[in-house]
Amino acid sequence: MKPRHESDTSREEILARRAERLAATTSDDKPRRIAAQVALVGAGAQRLGIPVEVLREIVPMPDITALPGLPRWLLGITHVRGEIVGVVDLASILGAGGERAGAMAVVQGTGGPLGLSVESVLGFRDIYEDELSAQMKADSQRPIQAMTKDLVAIIDVERLPVAYGEGESPRAGTRAITD
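Predicted, not measured: the structure shown is a model, and the values here were computed from it. Just so you know, the residues in each chain are numbered from 1, in the order the chain's sequence is written. The predicted origin of the model limits local features to residues at a pLDDT of at least 70 and limits the giving and counting of side-chain atom pairs to 80 or more, whereas totals for whole chains, interfaces and linings rest on all residues. Computation of side-chain values covers all heavy atoms of the structure but excludes hydrogens and water.

### Some remarks on the sheet that holds strand β6 (residues 103–109)
The strands that make up a sheet are held in pairs by hydrogen bonds between backbone atoms, and each pair lies either parallel or antiparallel.
Then, in step 1: One open sheet accounts for 5 strands, arranged β3-β6-β7-β5-β4; its pairing is mixed. Of all the strands in the sheet, the pair left with one neighbour each is β3 (55–60) and β4 (74–80). The sheet shows a mean angle of 30° between the axes of neighbouring strands, direction not considered. Two strands pair if DSSP finds at least two bridges between them. Numbered from the N terminus, helices here are DSSP runs of H or I no shorter than four residues, and strands are runs of E no shorter than two. Between the N-to-C directions of two axes lies an angle of 0 to 180 degrees, each axis being a line fitted to C-alpha atoms and, for a helix, fitted only over the stretch in contact.

Right, dumping it as structure tokens:
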């Protein structure tokens, strides 16, 4: 064991004083408030958040039965746990384009369950109020509730075009969310 030198002692004293100052520092930061808890999914080039309060489940993409006369963003119907569910192409609604969907998020809309086709499931996330972009506020023309600063669009299920009536296409404002 090597003998203690004066520099070792002074270093420990400096570190102890520094630790005391840091411990005594009061934080002016307010506690962060959660604005939404979301399931993160990918649709086209978009990262989207589906609020967990409307999310029933996420399942592998089932077989879909196409029906004649549907708009291109309404893929058809499928069965999930004995219920008939309409399936919406989320990337198409948002004008994001994309690859073949690998999963379907089943959400509870006002008219019942609705399937949202997504390319990938990225996990779950808490969105805090300070993460929301001040530039992107809720817009009645888009099915987007809010946008985070790191460009996660939070979906508003009630604004999806299936609520606009049968056979109608999404409004022009729903094409892109980063205009």
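We are not done yet, so read on.
### A short note on unusual backbone geometry
Then, in step 1: A positive phi angle is found at Arg-81, which is not glycine, with a value near 55°.
Then, in step 2: Here Arg-81 lies in the loop between β4 and β5 (83–89).
Then, in step 3: Positive phi values are uncommon outside glycine, yet Leu-151 reaches one of about 65°.
Then, in step 4: Examined against the element boundaries, Leu-151 turns out to sit in the loop between β9 (144–147) and β10 (152–155).

### Details of the packing of aromatic side chains
Then, in step 1: Here a pair means two rings of Phe, Tyr or Trp (six-membered ring of Trp) with centres within 6.5 Å. Their orientation is stacked below 30 degrees between planes, edge-to-face above 60, and tilted elsewhere. Considering all chains together, one arrives at 0 aromatic pairs under this definition.
Then, in step 2: Only lysine NZ and arginine CZ atoms are considered, and such an atom sits over a ring when it is within 6 Å of the ring centre and within 35 degrees of the ring normal. Note that Arg-32 overlies the ring of Tyr-128, its terminal NZ or CZ placed 4.1 Å from the centroid.

### Overview of the side chain of Ser-117
Then, in step 1: With respect to the helices and strands, Ser-117 occurs in strand β7 (residues 112–118).
Then, in step 2: Two residues form a contact once any of their heavy atoms are found within 4.5 Å. What Ser-117 contacts, discounting residues up to four positions off in sequence, is Met-61, Leu-75, Val-87, Val-88, Asp-89, Leu-90, Ala-101 and Ala-103.

### Digging into the pattern of salt bridges
When charged atoms on two side chains of opposite charge get close, those side chains can pair.
Then, in step 1: Salt-bridge detection follows one rule: a side-chain nitrogen of Lys or Arg within 4 Å of a carboxyl oxygen of Asp or Glu. Counted under the stated rule, the structure contains 8 salt bridges.
Then, in step 2: Notably, a salt bridge pairs Arg-81 with Glu-57, separated by 2.8 Å at the nearest N-O pair. You can see Arg-81 sitting in the loop between β4 and β5 and its partner Glu-57 sitting in strand β3, a full 24 residues away along the chain.
Then, in step 3: Take Arg-81: its relative accessible area is 69%, and that puts it in the exposed class.
Then, in step 4: Between Asp-156 and Arg-159 there is a salt bridge, with the nearest N and O atoms lying 3.4 Å from each other.
Then, in step 5: Through salt bridges with shared partners, a single ionic network connects Arg-47, Arg-125, Glu-131 and Asp-150. The cut-offs for exposure are 20% and 50% of the maximum accessible area for each residue type, with area from a 1.4 Å probe on protein chains only; residues under the lower value are buried, those over the upper are exposed, and the others partly exposed.

Structural measurements only, silent on function.
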